[in-house]
Amino acid sequence: MEVHKIPTKPRSQPSGKTNKKLDLSKLNPEQKNAVLHVDGPLLILAGAGSGKTNTMTHRIAYLLAEKQIPASRILGLSFTNKAANELKERVRSLTGTVLGPRATKGLIVSTFHSLCVKILREFAGRVGYTPQFSILDPHDQESIVKEILKLINIDAKKFDPTWVLFQIGQAKNKFLSGEEAGAFFDTLKGPKVAYDDYSIALQSVFPRYQERLKLLNAMDFDDLLFNAVTLLENHADVRESLSRRFQFILVDEYQDTNPSQFRLLQALTSTHHNICVVGDDDQSIYAWRGADPTHILNFDHYYPGTKKIILDQNYRSTETILSAANQVISKNSKRYPKSLWSERGAGSPIHTVAVEDDRAESQMVTEEILKRVQENQRPWKDFAILYRSNAQSRIFEEALRLHQIPYKLVGALSFLDRREVKDLLSYWKLVVNPKDDTALRRVINWPARGIGKSSIERIHQDAVLYQLSFYESMQSHAVQGDLNEKAKAGTKAFCELQERLSAQLFGIVRSEYEGRDGDFLIAVSEWAKRSLEAIGTKAALLSEDEDTAKAMKRFDNLEELANAIGMMDLAPASHEGSPQNGAMVLQEYLSQLVLDSKEDKKDEDNENQNALTLMTLHGAKGLEFPIVFLVGLEDGCLPHQRTIDEGTDLSEERRLFYVGITRARDELYLVRAKNRIRYGKAIPRNPCRFLEDIPQDLLLERDESSTPDFRSEEAQKKHEDEIQNFFAEIQKRLNKK
DNA sequence: CGGTCTATAATTTTT
DNA sequence: TTATAGACCG
């Protein structure tokens, strides 16, 4: 039963054409204040669904249109490519009607990471790199750490490489110096070993890892930030020129900034304080990877004279949903007190459903969705199923597939994780950066060319002995050396292939195309397609997969990867650091790919496709859906077990719940299972503790299970204790009288 | 050298 | 229960 009719038209689009004047009439007074504030620090506390993006885009448009700030003096920063693209697109459409299509030319709206790439490509030499540096993906990082662990005789079984990498990343995110990192490592307790060798292990791996990356001319994600900050802090000339260039800086999701990002911003604002940050402390959910919410809580401390604006009118959800959200979040202590309100009316109550186990959970959700689709004519894309951890998606996928409901799984193994994609990209990486041993070792024998383990080992040993890159060592082995005939021939063939590809690619020069950038890009794209042939990918794929159709499909994907080069956005030739030859284009393309792994080629038909969404609570931030199912609302799942075990602060888990609730526009389902099947056994579970904070009168509760609520021994004991205390108390009072 | 098999570990969240 | 990473054999 719907109390409220849902308007499905997009909200707050500027109506029709406006003549020469930016239309601010659709903004509420606070939003307008934020837009009109020009000079000096500005903090916008934007609650969920409060028109944050709209405010930011209007503010940029206002600077461009009314204040005549050149687009190239404005910098917008966000965390995801998706957010950056959306922001840019909306600024473009806003200013388009007023200033024409060229108004945003030179405007940079990007993620922190890609901004750092831009800066570092230009000044790589100042931090000991060449501009061709590669960007490693997590998989590459892991193989390097494994190598190092082996080298220093540490058992990778005891010291999980992923864990080691995570801690190294933490140290970089916090921008710790060598000694500070050491002290930080000392405080850690690892997962598998009781004694504290962890710090020693980390302290021996960390420097070696960094050294290795430098040798490979490669940076990992965290290095991009770390090195950019190092560059700016140590080189006043670079710092000042960039700070002067970016006269106005806007930062989205500011509550998620980590110390590296914070310092980057400080450097960029060293010559002015025109920084506008937008965020919501209640939606800070990345502290676990180094984000520090005190950046937003103490913003005016770092930037005195800050103007603070609170956007608390919500344009998204019903009042019922908002008051549940407000209640839940109000239990957190360290926050700017605020409470969202809306004019949308009460709407439907929140459904809370308890089911028997996770199988029943997926069934119930699926059936409910089918019902809603039939009864209310809802399209699939109105629905989202949100969960705490990725592992929970699987069972829903099965149920959805069974009922033939189209869904899109966000955060699934990305296109880039596919083996053949990584292989192809490794060839391309190697052409751009021949020092990239990691890439080389991936494809040295793919397609099979007779270079086996022992040959690789020999090449490797010579590389170490003569201080060569792996590729250089290969080159010398192709001519002489102690490889068997087959391996030698393979090595020779490989080197020749690389040389040829490289020569061809560097031969594609932009100046020959005289402004026809489209043709220039297509030439590079053609090269990429030819490289597929030269490598022999089609034959390789066909031979390793029985299923010819499947193999062809994989091959088509690779061709698509080559094609996409032709559709890149290319900086104008005059612009510094813009690609001048094929290799530079390819390099740019490769960095875009690694930094943008989420929305890749698979998303091509994404926008208008009608499918329900399956994703984690983290992934859902910034999105909204008419009907939301929050599933797995059990202790151990929503306050995640790891967080409970650490015994510390559960406020971030609570914020996660808050984020989930506030994704819903019209209806919200809170679903929990009484048992969860794990490794084939049913584990009984308690309801998520945050559920208690939602007032009963907002809820419509039902229990579809056949078993009574489970209480863990501990909970049972606590419950009994409470009853006993209660009676003891009464007894005491009676005795007193 | 490459494929198949078996043992073992595993379920936070990600640019 | 399932996925993956080494071991081992052809």
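Please read all numbers here as calculations on a predicted model, not as lab measurements.

### What about the overall build of chain A?
1) Next: Scanning chain A from terminus to terminus reveals 29 helices and 17 strands.
2) Next: Buried residues in chain A amount to 53% of all 737 residues.
3) Next: In chain A, of all internal contacts separated by at least 6 residues, the share reaching a separation of at least 24 is 78%.

### Considering the protein's contact with DNA strand B
1) Next: Close to DNA strand B lie 25 residues; Phe79, Arg388, Asn390, Gly452 and Lys453 are nearest.
2) Next: When the atoms of DNA strand B within 4 Å of the protein are sorted by group, sugar and phosphate make up 50%.
3) Next: At 2.5 Å from a sugar or linking oxygen of DNA strand B is found a main-chain nitrogen or oxygen belonging to Phe79.
4) Next: Tallied by class, the residues present in the surface near DNA strand B amount to eight nonpolar, 10 polar and seven charged.

### A closer look at the confidence of the model for chain A
1) Next: Averaged over every residue, the pLDDT of chain A is 86; the share at 70 or more is 89%.
2) Next: Scored below 50 in pLDDT, residues 1-19 makes 24 contacts in the model with residues more than four places away or belonging to other chains.
3) Next: Throughout residues 600-606 the model reports pLDDT below 50, and contacts reaching past four residues in sequence, or to other chains, amount to nine contacts.

### A look at helix α16 (residues 393-402)
1) Next: Buried residues of α16: Ser393, Ile395, Phe396, Glu397, Ala399 and Leu400, and no others.
2) Next: Residues of α16 that are buried sit in contact with α15 (358-376), β10 (383-387), β11 (407-409) and β12 (612-616).
3) Next: Directly beyond the C-terminal end of α16, a positive phi value near 55° is found at Gln404.

### Observations concerning the packing of aromatic side chains
1) Next: A full pass over the atoms with the stated rule returns 14 aromatic pairs.
2) Next: For the pair Phe184 and Phe185, a centre-to-centre distance of 5.7 Å together with 45° between the ring planes defines the contact as tilted.
3) Next: Taking the centre distance of 4.2 Å and the plane angle of 15° together, the rings of Phe629 and Tyr669 count as stacked. With a gap of 40 residues between them, Phe629 in strand β13 (residues 625-630) and Tyr669 in strand β14 (residues 664-673) connect regions that are remote in the sequence.
4) Next: The class for Phe629 is buried, based on a relative accessible area of 0%.
5) Next: The rings of Phe184, Phe185 and Phe206 are connected pair by pair, giving a single aromatic cluster.
6) Next: The ring of Phe133 carries Arg121 above its face, with NZ or CZ at 4.2 Å from the centroid.

### Concerning a nonpolar patch on the surface
1) Next: Together, Leu465, Tyr466 and Leu468 make up a nonpolar patch on the protein surface, roughly 320 Å² of accessible area in all.
2) Next: Mapped onto the elements of the fold, Tyr466 is located in the loop between α19 (453-465) and α20 (470-479).
3) Next: Tyr466 sits in the exposed class, given a relative accessible area of 54%.

### Comments concerning the state of the cysteines
1) Next: Using the criterion set out here, one finds zero disulfides in the structure.
2) Next: A disulfide-free cysteine, Cys116 has its sulfur positioned 20 Å from the sulfur of Cys276, the nearest such atom.
3) Next: Residue Cys116 is classed as buried on the basis of its relative accessible area of 0%.

### Re the sheet that holds strand β17 (residues 699-703)
1) Next: Taken in spatial order, the seven strands line up as β11-β12-β10-β13-β14-β9-β17 in an open sheet, and their pairing is parallel. At either margin of the open sheet sits one strand with a lone partner, and together these are β11 and β17. Put simply, the sheet's adjacent strands are angled 20° from each other on average, direction ignored.
2) Next: Two elements, β11 and β12, share three bridges in a ladder whose sense is parallel. Directly across from Leu409, in β12, lies its bridge partner Leu614.

### Quick word on the sheet that holds strand β3 (residues 108-111)
1) Next: Spatial strand order, β3-β2-β6-β7-β1-β8: six strands in an open sheet with parallel pairing. Only two strands of the sheet have a single neighbouring strand rather than two, namely β3 and β8 (307-311). Strand-to-strand twist across the sheet, computed as the mean angle between neighbouring axes with direction ignored, equals 15°.
2) Next: In this structure, strand β2 (residues 74-78) lies alongside β3, joined through four bridges in parallel fashion. Bridged to Gly76 within β3 is Val109.
3) Next: Helix α4 (residues 112-123) rests against β2, β3 and β6 (248-251) of the sheet, and its axis sits at about 110° to β3.
4) Next: Across the sheet, helix α11 (residues 259-268) touches β2, β6 and β7 (275-279), and the angle it forms with β6 is around 165°.

### Focus: the side chain of Thr366
1) Next: Among the structural elements, Thr366 can be located in helix α15.
2) Next: Sequence-distant contacts of Thr366, defined by excluding residues within four places in its chain, comprise Ala399, Leu400, His403 and Ile405.

### Things to note about helix α24 (residues 548-563)
1) Next: Taking 1.5 Å per residue, 16 residues should reach 22 Å; α24 reaches 22 Å between its end C-alpha atoms and fits that length.
2) Next: Of the surrounding elements, those touching the buried residues of α24 are α17 (419-432), α22 (517-535), α23 (537-544) and α25 (582-595).

### Structural notes on the packing of helix α9 (residues 221-234) against helix α10 (residues 236-245)
1) Next: Contact geometry for α9 and α10: axes closest at 5 Å, N-to-C directions at 100°. One way to sum up the angle between α9 and α10 is to call them roughly perpendicular. The segment α9 lies against α10, with Leu231, Leu232, Glu233 and Asn234 engaging Ala236, Val238, Arg239 and Leu242.
2) Next: Broken down by class, the residue content of the contact of α9 with α10 amounts to five nonpolar, one polar and two charged.

### Let's talk about the pattern of salt bridges
1) Next: Applying the stated criterion across every chain, the model contains 45 salt bridges.
2) Next: Measuring nitrogen to oxygen at the nearest pair gives 2.9 Å for the salt bridge that ties Lys172 to Asp223. Of the two residues, Lys172 sits in helix α6 (residues 161-173) while Asp223 sits in helix α9, which places them 51 residues apart along the sequence.
3) Next: Lys172 gets classed as buried once you look at its relative accessible area, which sits at 2%.
4) Next: Measuring nitrogen to oxygen at the nearest pair gives 2.8 Å for the salt bridge that ties Arg388 to Glu653. A residue pair is termed long-range when its members are at least 10 positions apart, and Arg388 in the loop between β10 and α16 and Glu653 in helix α28 (residues 651-661) qualify at 265 residues. Residue Arg388 shares its accessibility class with Glu653, and that shared class is buried.
5) Next: Overlapping salt bridges bring together Lys52, Asp252, Glu253, Asp256 and Lys621 as one network.

### Examining the nonpolar core
1) Next: With 70 residues, the main nonpolar core has Phe133, Tyr209, Leu224, Leu264 and Leu268 as its most contacted residues.
2) Next: Ranked by residue count, the leading element in this core is helix α8 (residues 198-216), at eight residues.
3) Next: Leave out the neighbours within four places in its chain, and Leu264 touches Phe112, Leu115, Cys116, Ala228, Val229 and Leu232.
4) Next: One finds Phe415, Leu424, Ala523 and Val585 within the second-largest nonpolar core, a separate group that totals 54 residues.

### Considerations on unusual backbone geometry
1) Next: At Phe175, a residue that is not glycine, the phi angle is positive and equals roughly 55°.
2) Next: Residue Glu514 is not a glycine yet carries a positive backbone phi of 40°.
3) Next: Judged by relative accessible area, Glu514 falls into the exposed class, the value being 66%.

### As for the environment of Pro304
1) Next: Mapping Pro304 onto the fold places it in the loop between α13 (299-302) and β8.
2) Next: Using a relative accessible area of 55% as the deciding quantity, one classes Pro304 as exposed.
3) Next: Sequence separation between Pro304 and Ala551 is 247 residues, and the spatial gap between their C-alpha atoms is 61 Å.

### A closer look at the side chain of Thr111
1) Next: Residue placement: Thr111 occurs in strand β3.
2) Next: Overall, the relative accessible area of 4% leaves Thr111 in the buried class.
3) Next: In this structure Thr111 touches Leu77, Ser78, Phe79, Thr80, Asn81 and Ala84, once residues within four positions along its chain are discounted.

About the cut-offs
Residues numbered from 1 in each chain as written. Chains lettered and ligands numbered in written order. Predicted model: local features only at pLDDT ≥ 70, side-chain atom pairs only at ≥ 80, totals over all residues. Heavy atoms only, no water. Helix = DSSP H or I, 4+ residues; strand = E, 2+ residues; numbered from the N terminus. Buried < 20%, exposed > 50% of the residue type's maximum accessible area, 1.4 Å probe, protein only. Contact = heavy atoms within 4.5 Å. Near = heavy atom within 4 Å. Polar contact = N/O pair within 3.5 Å; in protein donor to acceptor, adjacent residues only side chain to side chain. Nonpolar A, V, L, I, M, F, W, Y, C, P; charged D, E, K, R; others polar. pLDDT = per-residue confidence, 0-100. Phe/Tyr/Trp six-rings, centres within 6.5 Å; stacked < 30°, edge-to-face > 60°. Lys NZ or Arg CZ within 6 Å of the ring centre and 35° of its normal. Patch = residues over 30% accessible without salt bridge, like charges linked within 9 Å, V, L, I, M, F, W, Y side chains within 5 Å. Areas by Shrake-Rupley, 256 points an atom, 1.4 Å probe, with all protein chains shown as cover. Salt bridge = Lys/Arg side-chain N within 4 Å of Asp/Glu carboxyl O. Disulfide = S-S within 2.5 Å. Pairing = 2+ DSSP bridges. Axes fitted to C-alpha atoms, helices over the stretch in contact; angles between N-to-C directions. Expected span 1.5 Å × (residues − 1). Parallel < 35°, antiparallel > 145°, perpendicular 65-115°, else oblique. Core = buried A, V, L, I, M, F, W, Y, C linked by side-chain atoms within 4.5 Å.

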